[in-house]
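Chain by chain, the residues:
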Amino acid sequence: MKNVTISELPERSRRRIVQLTQLLSRIPEAQTITSADIEKMTGWTSSVIRRDISLIGCQCGATKGYNAGKLLKSLKDALGHTETVEKKCCIVGLGKLGEALFSSNLLEGTPFRISAGFDASVNRTEVLKASFPLYPTPELETVIKSEGIKYAILTVPDSEAQKIADRLFACGIRGIVNYTGIMIVHPSDSAVENVSLITALSDLAAS
């Protein structure tokens, strides 16, 4: 079977690889884990798990299973999540959802780091406390370019979402995690990951 890059994987396979990386980060590196073990923890079938892992060219398997540490390293390498490569992000929209996201330490232990936050309310950028600088939205382009930020988390009102997204793409943002309620139109050389509670619940109800 021909090895493929992570970007060439089907969307569902790519999502499983990302989720498997998160799962393995909580398992001792010396532990052996089988596809059957992963099936029990995730609900994915063993054959699907082995296929996803083999597609990215992982050679850390054995007849008795995978070494958790070696498998995790292989998956991180495939995703480009090396310890020496920091991926700068920003968050645009510092309302209740935005504040909850940047206060939760969700990115701890990953190569992603929030380097800036933006909001249309100058008062909000002055009052909120964060571990990174906060700026009014008019400074978005200048800060993103100067800091080399490539990814954005979008939590602005729906009415502002596409306009802000267009500005983000125009100043060099490669990908947006979209927490708004609209589908973002984006250039072919960029990507948008839509995160919707309603969509997730609808998918569960339909399965």
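For the structure, see preceding data.
What counts and how
Residues numbered from 1 in each chain as written. Predicted model: local features only at pLDDT ≥ 70, side-chain atom pairs only at ≥ 80, totals over all residues. Heavy atoms only, no water. Helix = DSSP H or I, 4+ residues; strand = E, 2+ residues; numbered from the N terminus. Areas by Shrake-Rupley, 256 points an atom, 1.4 Å probe, with all protein chains shown as cover. Lys, Arg positive; Asp, Glu negative; His and termini not counted. Charge placed at Lys NZ, Arg CZ, Asp CG, Glu CD. Expected span 1.5 Å × (residues − 1). Contact = heavy atoms within 4.5 Å. Core = buried A, V, L, I, M, F, W, Y, C linked by side-chain atoms within 4.5 Å. Buried < 20%, exposed > 50% of the residue type's maximum accessible area, 1.4 Å probe, protein only. Salt bridge = Lys/Arg side-chain N within 4 Å of Asp/Glu carboxyl O.

Draft legend 1. Here's a closer look at the overall build of the protein. Counting its secondary structure elements, the protein contains 9 helices and 9 strands. A total of about 12,300 Å² of accessible surface is found on the protein, and carbon and sulfur atoms cover 53% of it. Looking at charge distribution, the protein has the averaged site of its 24 positive side-chain charges lying 6 Å from that of its 22 negative ones.

Draft legend 2. Structural view of helix α1 (residues 11-24). For α1, spanning 14 residues, the distance from its first C-alpha to its last is 20 Å, which sits close to the expected 20 Å at 1.5 Å a residue. Buried residues along α1 sit in contact with β1 (32-33), α2 (35-42), α3 (46-55) and α4 (68-79).

Draft legend 3. Structural detail: the nonpolar core. Cys90, Val92, Phe118, Ile144, Leu154, Leu168 and Ile176 are the most contacted members of the largest nonpolar core, which has 22 residues in total. At the level of elements, β4 (87-92), β5 (112-119), α7 (140-147), β7 (151-154) and α8 (158-170) are the ones that each hand at least two residues to this core. It is α8 that contributes the most residues to this core, 5 residues altogether. When sequence neighbours within four positions are dropped, the list of residues in contact with Cys90 reads Ile114, Ala116, Phe118, Ile144, Ile149, Tyr151, Ala152, Ile153 and Leu168. Counting 20 residues, the second-largest nonpolar core is a separate cluster that includes Leu23, Ile27, Leu72 and Leu75.

Draft legend 4. Main features of the environment of Lys70. Here Lys70 lies in helix α4. As a C-alpha pair, Lys70 and Ser103 span 33 residues in sequence and 32 Å in three-dimensional space.

Draft legend 5. Quick peek at the pattern of salt bridges. Going through the model one piece at a time under the given rule, you end up with 8 salt bridges. Between Arg15 and Glu193 there is a salt bridge whose closest N-O contact spans 2.4 Å. Here the residue Arg15 occupies a position in helix α1, and Glu193 occupies one in strand β9 (residues 191-194), the gap between them amounting to 178 residues. On the accessibility criterion, Arg15 (38% relative accessible area) is partly exposed. Among the salt bridges present, the one from Asp52 reaches Arg16, with a minimum N-O distance of 2.5 Å. Placement of Asp52 in helix α3 and of Arg16 in helix α1 is noted, with a sequence separation of 36 residues between them. Of the residues examined, Asp52 reaches a relative accessible area of 3% and is grouped as buried. Residue Arg16 is classed as buried on the basis of its relative accessible area of 18%.

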